[in-house]
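A look at the structure
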Amino acid sequence: MKKVYNFSAGPAVLPEEVLKKAASELTAYGDTGQSVMEMSHRSKEYEGIHNECISLLKEVMGVPENYKVLFIQGGAHMQFEMLPLNLKKNGKADFVVTGQWAGKAHSEAGNYLEANMVASSKDKTFSYIPKLDSTTFTKDADYFHICQNNTIFGTRFAELPDTGNIPLISDMSSCILSEPVEISKFGVIYACAQKNMGPSGVTVVIIREDLIHDLSDVTPHVPTMLRYKTYADNNSLYNTPPTYSIYMCKLVLEWIKANGGLSAMKTHNEKKASILYDAIDTSKMFSNPVAKEDRSLMNVTFVTGNEELDKKFITEAKTSGFVNLGGHRSVGGMRASIYNSMPISGVEALVNFMKKFEEENS
Ligand SMILES: *Cc1c(COP(=O)(O)O)cnc(C)c1O
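Below: a short report on this structure. If you're wondering where the values come from, they're calculated on a predicted model, not measured in any experiment.

**Describing the overall build of the chain**
Regarding its fold elements, the chain presents nine helices and 13 strands. For 362 residues, the compact-globule estimate of 2.2 N^0.38 gives 21 Å, and the C-alpha radius of gyration of the chain, at 21 Å, lies within 12% of that figure. Overall size of the chain, expressed as C-alpha extent along the three principal axes, is 65 × 60 × 30 Å. In the chain, buried positions account for 56% of the 362 residues. Taking as baseline every contact in the chain between residues at least 6 positions apart, the subset at least 24 positions apart corresponds to 68%. When the accessible surface of the chain is totalled, it reaches about 15800 Å², and 50% of it is carbon and sulfur. Taken as two groups, the 37 positive and 42 negative side-chain charges of the chain have centres that lie 3 Å from each other.

Following this line, the structure appears as structure tokens:
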């Protein structure tokens with residue numbers, strides 16, 4: 001079978017060892033004689049997988065005692081709704097709009113509460129992270145929301161805003177598990193799995209326990225399935241969870257642990273990003289539009305400055321075995337997503353291909 005380097009932003013590349021392990025267990029998990037896909041979610045065997053995934057995530061990320069790990073469906077998108085529905089008390093929240101996902105979190109929340117945009121980088125096509133002035137933050141906001149890594153535009157918050165007692169909420173969909181995180185700085189962290197954690201189907205929510213409310217007085221009409229409490233009270237087994245996705249996340253977490261945990265991931269990711277950004281910065285053809293200090297470690301965007309040439313690059317790259325390098329449909333250009341599972345050899349091979357393409361086309 002032809003092997004390619006997959007630079008997709010998501011669903012994205014998974015570690016080859018993980019895929020092989022999943023393949024070896026596909027028809028029969030352990031001595032159960034059943035595939036994980038065929039198991040009752042109430043079985044002892046599945047519960048073992050489920051709880052192991054939670055405890056591995058807690059261990060790998062260093063999740064403190066007073067946080068719960070929840071598995072929810074509906075993608076990161078559904079968190080744009082669940083957050084305002086569940087955290088609403090005073091009816092106000094602050095948002096930094098640094099791209100499309102951050103913008104959706106802001107606009108969706110606006111259906112339920114007063115959603116205040118404290119800053120935006122829309123003026124320069126989201127190519128930087130705005131400097132924040134904490135005197136402009138809403139004093140009695142129910143939460144303060146950021147999208148920590150902007151998958152489409154290739155920026156990230158290198159420094160977190162200081163929100164004092166206001167719970168900081170982070171969409172970590174495209175950066176979770178890429179480097180160590182101090183969880184205690186956050187009220188809620190959420191991430192869809194399909195960027196850096198596993199296949200699509202499950203979204204992980206790490207929530208400080210005091211933010212899990214009975215919603216009786218403020219938002220009495222929140223549906224059962226949209227309440228964090230439903231998931232927290234039932235160990236995310238109130239209804240059938242996406243069992244196979246959770247199993248795959250467990251395998252990815254085992255792989256991360258075996259490969260040195262999040263500090264090793266950080267070193268590995270910084271190395272890949274610097275190889276690629278250096279190649280772009282020293283090229284006469286390619287450029288990266290992002291402010292240097294705000295560059296993402298996970299999603300590297302670049303352009304030639306000529307749309308036709310961008311298209312040619314993407315087509316020829318694909319023929320040479322470098323796939324999914326097209327930028328998001330809203331921005332065009334190129335984007336190489338270099339999540340944990342992308343090996344250094346993949347980035348080095350891409351850089352060599354870029355050099356060759358530049359020679360042949362200038
Ligand atoms: C991919 C992505 C989303 C959307 O995730 P879905 O699971 O498709 O809802 C939201 N936020 C960020 C940062 C993303 O990268």
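**Some points on the site of the ligand**
Around the ligand sit 13 residues, and of these His77, Thr151, Asp171, Gln194 and Lys195 come closest. Ala76 is positioned with one of its backbone polar atoms (N or O) 3.1 Å from an oxygen atom of the ligand. Here Lys195 contributes a side-chain N or O atom positioned 2.5 Å from an oxygen atom of the ligand. The fraction of the free accessible surface of the ligand (380 Å²) that becomes covered by protein chains is 88%. No other element matches the three residues that helix 3 (residues 75-87) contributes to the shell around the ligand. Of the residues in the shell around the ligand, the class split is four nonpolar, seven polar and two charged.

**Things to note about helix 7 (residues 261-282)**
Between its first and last C-alpha, helix 7 extends 32 Å over 22 residues, near the 32 Å set by a 1.5 Å rise per residue. Those residues of helix 7 that sit buried are Gly261, Leu262, Met265, Asn269, Lys272, Ala273, Leu276, Tyr277, Ala279 and Ile280. For helix 7, the angular spread of the buried residues around the axis is 155 degrees, confining them to a single face. Of the residues in helix 7, the exposed ones pointing more than 90 degrees away from the buried face are Thr267 and Thr282. Where helix 7 is buried, its residues touch helix 2 (44-61), helix 6 (243-258), strand 11 (299-302), strand 13 (334-337) and helix 9 (344-360).

**Some points on the pattern of salt bridges**
In this structure the tally under the stated criterion is 18 salt bridges. Two residues, Lys92 and Asp140, come together in a salt bridge whose shortest N-O distance is 3.0 Å. Of this pair, Lys92 sits in strand 3 (residues 92-97) while Asp140 is found in the loop between strand 4 (114-120) and strand 5 (143-147), placing the two residues 48 residues apart along the sequence. Looking at Lys92, the relative accessible area reads 24%, which means it is partly exposed. Across the salt bridge formed by Glu182 and Lys185, the nearest N and O atoms sit 3.8 Å from each other. By relative accessible area, Glu182 is classed as partly exposed at 48%. Through salt bridges that share partners, Asp214, Lys229 and Asp233 make up one connected network.

**Section: the environment of Asp142**
Summarising the element assignment, Asp142 is placed in the loop between strand 4 and strand 5. Asp142 has contacts with Leu87, Lys88, Lys89, Asn90, Gly91, Lys92, Ala93, Ile166 and Pro167, leaving out every residue within four places of it along the chain. Within the local environment of Asp142, its side chain forms a polar contact with the backbone nitrogen of Lys89, the two atoms lying 2.7 Å apart.

**Brief notes about the packing of helix 1 (residues 16-24) against helix 6**
It is the contact of helix 1 with helix 6, at a shortest axis distance of 9 Å, that shows an interaxial angle of 130 degrees. Classified by the angle their axes make, helix 1 and helix 6 are oblique. Relative to helix 6, helix 1 is oriented so that their crossing is right-handed. Every residue of helix 6 that contacts helix 1 at Glu17, Val18, Leu19, Lys21 and Ala22 is listed here: Tyr244, Tyr247, Met248, Leu251, Val252 and Trp255.

**Re the sheet that holds strand 2 (residues 67-72)**
The seven strands lie next to each other as 2-10-9-8-5-3-4, forming an open sheet whose pairing is mixed. Both outer strands of the open sheet, strand 2 and strand 4, are each paired with one neighbouring strand and no more. Ignoring which end each strand starts from, the neighbouring axes of this sheet average 20 degrees apart. Of the strand pairs in this sheet, strand 8 (residues 168-171) and strand 9 (residues 188-192) are connected by three bridges, and their pairing is parallel. Looking across to strand 9, one finds that Ser170 is bridged to Ile189. Relative to strand 2, helix 2 is tilted by about 130 degrees, and along the sheet it contacts strand 2 and strand 10 (203-208).

**Side note on the pairing of strand 13**
Covered by surrounding structure in strand 13 are Met334 and Ala336 together with Arg335 and Ser337, the residues of both alternating faces. Sheet topology note: the strand 11/strand 13 ladder contains four bridges and is antiparallel. From the neighbouring strand, Asn299 faces strand 13, where its bridge partner is Ser337.

**Thoughts on the packing of helix 7 against helix 9**
Interaxial distance between helix 7 and helix 9 falls to 10 Å at its minimum, and their mutual angle equals 5 degrees. The angle between helix 7 and helix 9 places the two elements in the roughly parallel class. Contacts between helix 7 and helix 9 pair His268, Lys271, Lys272, Ile275, Leu276, Ala279 and Ile280 from the former with Ile344, Val347, Glu348, Leu350, Val351 and Met354 from the latter.

What counts and how
Residues numbered from 1 in each chain as written. Predicted model: local features only at pLDDT ≥ 70, side-chain atom pairs only at ≥ 80, totals over all residues. Heavy atoms only, no water. Helix = DSSP H or I, 4+ residues; strand = E, 2+ residues; numbered from the N terminus. Rg over C-alpha atoms; globule rule 2.2 N^0.38 Å. Buried < 20%, exposed > 50% of the residue type's maximum accessible area, 1.4 Å probe, protein only. Contact = heavy atoms within 4.5 Å. Areas by Shrake-Rupley, 256 points an atom, 1.4 Å probe, with all protein chains shown as cover. Lys, Arg positive; Asp, Glu negative; His and termini not counted. Charge placed at Lys NZ, Arg CZ, Asp CG, Glu CD. Near = heavy atom within 4 Å. Polar contact = N/O pair within 3.5 Å; in protein donor to acceptor, adjacent residues only side chain to side chain. Nonpolar A, V, L, I, M, F, W, Y, C, P; charged D, E, K, R; others polar. Expected span 1.5 Å × (residues − 1). Arc of directions from axis to C-beta. Salt bridge = Lys/Arg side-chain N within 4 Å of Asp/Glu carboxyl O. Axes fitted to C-alpha atoms, helices over the stretch in contact; angles between N-to-C directions. Parallel < 35°, antiparallel > 145°, perpendicular 65-115°, else oblique. Left-handed = near helix turned anticlockwise from the far one by under 90°. Pairing = 2+ DSSP bridges.

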